[in-house]
Number of protein chains: 2
Amino acid sequence: MAKSKQELIDIAVGSSEKREQILQGAMQVFLSQGYANTSMDRVAAAARVSKQTIYSHFQDKEGLFTAIIERVTIHRIQRELGSTELRGDPPILLRQLAEAFLNKLANPEYLSLFRVVIAESVRFPELAQLYTRTVIQKGRGLLSDYFQSHPELNIADPEATAHIFLGSLVSFVIAQEVLYGKQIMPIEQERLIDALILLILGGYGVHTSRSG
Amino acid sequence: MAKSKQELIDIAVGSSEKREQILQGAMQVFLSQGYANTSMDRVAAAARVSKQTIYSHFQDKEGLFTAIIERVTIHRIQRELGSTELRGDPPILLRQLAEAFLNKLANPEYLSLFRVVIAESVRFPELAQLYTRTVIQKGRGLLSDYFQSHPELNIADPEATAHIFLGSLVSFVIAQEVLYGKQIMPIEQERLIDALILLILGGYGVHTSRSG
DNA sequence: GTCTATAAGCCGATAGAC
DNA sequence: GTCTATCGGCTTATAGAC
């Protein structure tokens, strides 16, 4: 029987309904269980496909894992990051940005991806670098450009300052959510954001004579 | 035969030469390979002991892993952290502290511990919390106390500021070393430290009229 | 293409000799 | 206490029926 146009496209780009089904199921298991602790049997069960079907779409376990992490990193995260617009009054924008960033990071799916990428950074260094390029480098670049386009903020090193801003938030989420500090350390996110904005903007909006 | 005094002490505290040998070998394998990817056979080979000897000293794989992480976290790291004295002129002290902290963190053994704790934070949440208490909370407390004892620095929230200082450095190491950003992102550590100290101390030592 | 069944090997944990 | 040898189960990956 002749193939439909969609089927031909699917084959050309390597996609298909089954392949998508496998990716969805495997993503769920890999992200929650990690690489070594995920069996192909479990992936097959989660995707509601037989094991052989998986092996007909992906070379092996490593290939499947790589495909999933690339997919999640590039498509899902990159998309949300790209839609962020950095405009507006600095104190308001930075606060909104910090809150949005923290809420995104605290999402279980982001936490899982972060955990897995860190955990498998030795076995899959190319995935770690992909994460660095698409998530970290991109985010830092956006914020750095914003700082650079606002010379009135008097920021000596926009790139380093962007790292400090985002890095503080990342490590906050690691300590609070990934390492369960939430249950033993009563630091609230608003205090961190307040202190961070005060540091970066200094007296901006309150005093304008910071540099002298 | 009667037991020597040392042997009685060993039994009382659960230590022995063989036990120590096992811990050393297991530490090496667990920290470099992760939990799931470490087999008891490999631990036995690394410790140059038979498997049964391991099982006579530890209940199971989880027990051995827990013992190792607790040991490394509490003894090694805590010891070095405890010996840190925070005294001196703020600009100099903060720079020295940042450099010492970054050098420590970049040490392969610290990176491995961090990686493993993050990777197994779901399976072993109590180890993650131990790490939080002994490493993160302790370090933050020390720096926070220092800020608090120097009111001339004009730091509104010492605890949050301590988090920002240490968190920026931690996430820098994660991006550079754990996620191999070093090879693709040319940000140097001195730039980060400069920016960080400038933010926190503001015009301290250059201008003293920061607050208006 | 997708299934069931199974190969081939490694895993954690234990039994038994000494 | 420590060794060698081994068990049952689970792993990745493949063969063969349909």
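Just above, that's the structure.
Throughout what follows, the structure given in this document is the object of discussion. In this text the structure is predicted, and so the values were computed from the model without any measurement. (Residues numbered from 1 in each chain as written. Chains lettered and ligands numbered in written order. Predicted model: local features only at pLDDT ≥ 70, side-chain atom pairs only at ≥ 80, totals over all residues. Heavy atoms only, no water.)

**Describing the pattern of salt bridges**
- If you walk through the whole model with that rule in mind, you get 18 salt bridges over all chains.
- In this structure, arginine 71 of chain B and glutamate 20 of chain B form a salt bridge, with 2.7 Å as the shortest nitrogen-oxygen distance. Linking arginine 71 of chain B in helix 5 (residues 61-82) with glutamate 20 of chain B in helix 2 (residues 17-33), this pair joins segments that are 51 residues apart in sequence.
- Among the residues examined, arginine 71 of chain B registers a relative accessible area of 27% and is labelled partly exposed.
- Of the residues examined, glutamate 20 of chain B reaches a relative accessible area of 30% and is grouped as partly exposed.
- Between arginine 87 of chain B and glutamate 85 of chain B there is a salt bridge; the shortest N-O distance is 3.5 Å. Accessibility classification places arginine 87 of chain B together with glutamate 85 of chain B in one group, the exposed group.
- One network of salt bridges, with partners in common, ties together Arg95, Glu190 and Asp194 of chain A. (Salt bridge = Lys/Arg side-chain N within 4 Å of Asp/Glu carboxyl O. Helix = DSSP H or I, 4+ residues; strand = E, 2+ residues; numbered from the N terminus. Buried < 20%, exposed > 50% of the residue type's maximum accessible area, 1.4 Å probe, protein only.)

**Let's talk about the protein's contact with DNA strand C**
- In the vicinity of DNA strand C, 14 residues are found, and the nearest of them are Gln52 and Thr53 of chain A together with Met40, Lys51 and Tyr55 of chain B.
- Near-protein atoms of DNA strand C (within 4 Å) split between backbone and bases, with sugar and phosphate holding 51%.
- Contacts to DNA strand C include serine 50 of chain A, whose backbone N or O atom sits 2.8 Å from a phosphate oxygen.
- Side-chain polar atom of lysine 51 of chain B to a base nitrogen of DNA strand C: 2.3 Å apart, as the coordinates give it.
- Of all the elements in the fold, those that place two or more residues in the surface near DNA strand C are helix 4 (51-57) of chain A together with helix 4 (51-57) of chain B.
- Of the residues that constitute the surface near DNA strand C, the class distribution is 3 nonpolar, 7 polar and 4 charged. (Near = heavy atom within 4 Å. Polar contact = N/O pair within 3.5 Å; in protein donor to acceptor, adjacent residues only side chain to side chain. Nonpolar A, V, L, I, M, F, W, Y, C, P; charged D, E, K, R; others polar.)

**Structural notes on the packing of helix 6 (residues 90-106) of chain B against helix 10 (residues 189-201) of chain B**
All names here are of chain B.
- Interaxial distance between helix 6 and helix 10 falls to 10 Å at its minimum, and their mutual angle equals 140 degrees. Relative to helix 10, helix 6 is oriented oblique. Of the two elements, helix 6 crosses helix 10, and the hand of that crossing is right-handed. The segment helix 6 lies against helix 10, with Pro90, Pro91, Leu94, Arg95, Ala98, Glu99 and Leu102 engaging Gln189, Glu190, Ile193, Asp194, Ile197, Ile200 and Leu201.
- Of the residues in the contact of helix 6 with helix 10, the class split is 9 nonpolar, 1 polar and 4 charged. (Axes fitted to C-alpha atoms, helices over the stretch in contact; angles between N-to-C directions. Parallel < 35°, antiparallel > 145°, perpendicular 65-115°, else oblique. Left-handed = near helix turned anticlockwise from the far one by under 90°. Contact = heavy atoms within 4.5 Å.)

**So, the relation of the copies chain B and chain A**
- Of the transformation placing chain B onto chain A, the axial shift is 0.0 Å and the rotation is 180 degrees, giving an RMSD of 0.0 Å. Interpreted geometrically, this transformation is the action of a two-fold axis.
- Interface overlap between copies: 100% of the residues of chain B at the interface are likewise at the interface in chain A, consistent with a symmetric, same-surface contact. (Least-squares fit on C-alpha atoms with pLDDT ≥ 70 in both.)

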